[in-house]
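# Results of the structural survey
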Amino acid sequence: DITFANEQEIMSLIDAKSFDEVVSFAKELGKTIVVTRGEKGAIAVNGNDTVECGIRENLKILDLTGAGDLFAAGFLHGHINNMSLKEWKNRFIRNKDRVIKTYSESFYRLWLYYLSGCEAAFRWADQCNFQILLDKDINIAPRTRDYIYS
């Protein structure tokens, strides 16, 4: 089992006062927990194994819509296909100009974010992906993503 959450979600869910409490909780749980931490990167914890992944510096991110989903999808895709992320990411970076010309700079940045985040993911197996938002405040987020398409 793998749980994906951002830092705010997981801290609210387990009522943690600090991020160290989140890491301790994840280690005791014995399941894989992957937490995105914005500018602090991401961390994956599975038992006593902890992998931290930083972010790419000096990126101008314009829109984070779907970034968490993209991160989780990349994590799962790479793990399931047992791909060499380092080789995949290096190939992508070598083709930066071509990617930007074909798609856009924001496309390049999102995929670079995705690939960088996936680095923490390729160690563990037996994954299942559920996207659930749990919070004490029922109005913390929209119930649907219809607003994206308007």
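What comes next concerns the included structure.

Reading guide: rules and limits
- Numbers given for residues are sequential positions, taken from 1 along each chain in its written order.
- Residues qualify for local features only when their pLDDT is at least 70, as the model is predicted, and side-chain atom pairs are given and counted only at 80 or more; totals for whole chains, interfaces and linings, by contrast, use all residues.
- Note that the side-chain values use all heavy atoms of the structure and ignore hydrogens as well as water.
- Pairing between two strands requires that DSSP report at least two bridges joining them.
- The helix and strand labels rest on DSSP assignments: H or I over at least four residues marks a helix, E over at least two residues marks a strand, and numbering proceeds from the N terminus.
- Axes, fitted as lines to C-alpha atoms, cover a helix only where it is in contact. Angles between the N-to-C directions of the axes lie from 0 to 180 degrees.
- Each residue is assigned to one of three classes by its accessible area relative to the maximum for its type, calculated with a 1.4 Å probe on protein chains only: buried under 20%, partly exposed between the two thresholds, exposed over 50%.
- Each C-beta atom gives one direction from the helix axis, and the arc is the one those directions make.
- Residue contacts are defined here by distance: any two heavy atoms, one from each residue, within 4.5 Å place the two residues in contact.
- Classification of ring pairs rests on two measures: the distance between centres of Phe, Tyr or Trp rings, Trp counted by its six-membered ring, which must be within 6.5 Å, and the angle between planes, read as stacked under 30 degrees, edge-to-face over 60 and tilted in between.
- For a lysine, the NZ atom is tested; for an arginine, the CZ atom; a charge sits over a ring if that atom is within 6 Å of the ring centre and within 35 degrees of the ring normal.
- Basic side-chain nitrogens of Lys or Arg form a salt bridge, by our definition, when they fall within 4 Å of a carboxyl oxygen of Asp or Glu.

Attention now goes to the sheet that holds strand E3 (residues 42-46). As summarised here, the arrangement of the four strands in space is E1-E2-E3-E4, forming an open sheet in which the pairing is mixed. Strands at the two margins of the open sheet, each flanked by one partner only, are strand E1 (2-6) and strand E4 (49-53). Neighbour-to-neighbour, the strand axes of the sheet open up by a mean angle of 15°, direction not taken into account. Relative to E4, E3 is paired through five bridges, and the arrangement is antiparallel. Among the inter-strand pairings, Ala44 is bridged to a residue of E4, identified as Val51.

To continue, consider helix H2 (residues 19-29). Among the residues of H2, those classed as buried are Phe19, Val22, Val23 and Ala26. End-on, the buried residues of H2 take up no more than an arc of 95°, which puts them together on one face. Facing away from the buried side of H2, by more than 90 degrees, are the exposed residues Asp20 and Glu28. The elements touched by buried residues of H2 are helix H1 (7-13), strand E2 (32-36) and E3. Phi for Gly30, located one or two positions after H2, is positive at around 80°.

Turning our eyes to something else, we now look at the environment of Lys60. For Lys60, the location among the structural elements is in the loop between E4 and helix H3 (67-80). The spatial distance from the C-alpha of Lys60 to the C-alpha of Ser106 is 8.7 Å, given a sequence separation of 46 residues.

Below, the discussion takes up the packing of aromatic side chains. Inspection of every chain in the model, using the stated rule, returns three aromatic pairs. Considering the side-chain rings of Tyr103 and Phe107, the 4.4 Å spacing of their centres and the 20° angle between planes classify their relative orientation as stacked. The partly exposed category is assigned to Phe107, whose relative accessible area is 28%. Look at Phe107 and Trp111: their rings are 6.1 Å apart centre to centre, the planes differ by 40°, and that puts the pair in the tilted class. Separated by four residues within a single helix, Phe107 and Trp111 lie in helix H6 (residues 105-118), roughly one turn from each other. Look at Trp111 and you get partly exposed, because its relative accessible area is 27%. Members of the aromatic cluster, connected to one another through ring pairs, are Tyr103, Phe107 and Trp111. Over the aromatic face of Phe19 sits the side chain of Arg37, whose NZ or CZ is 3.6 Å from the ring centroid.

A word on the pattern of salt bridges. Summed over the entire model, instances satisfying the criterion amount to five salt bridges. With a shortest N-O distance of 3.3 Å, Arg109 and Glu105 are connected by a salt bridge. Taken as a pair, Arg109 and Glu105 lie in helix H6 at a separation of four residues, close to a single helical turn. What makes Arg109 buried here is its relative accessible area of 10%. Here the salt bridges share partners, and the residues they tie into one network are Glu7, Arg37 and Lys40.

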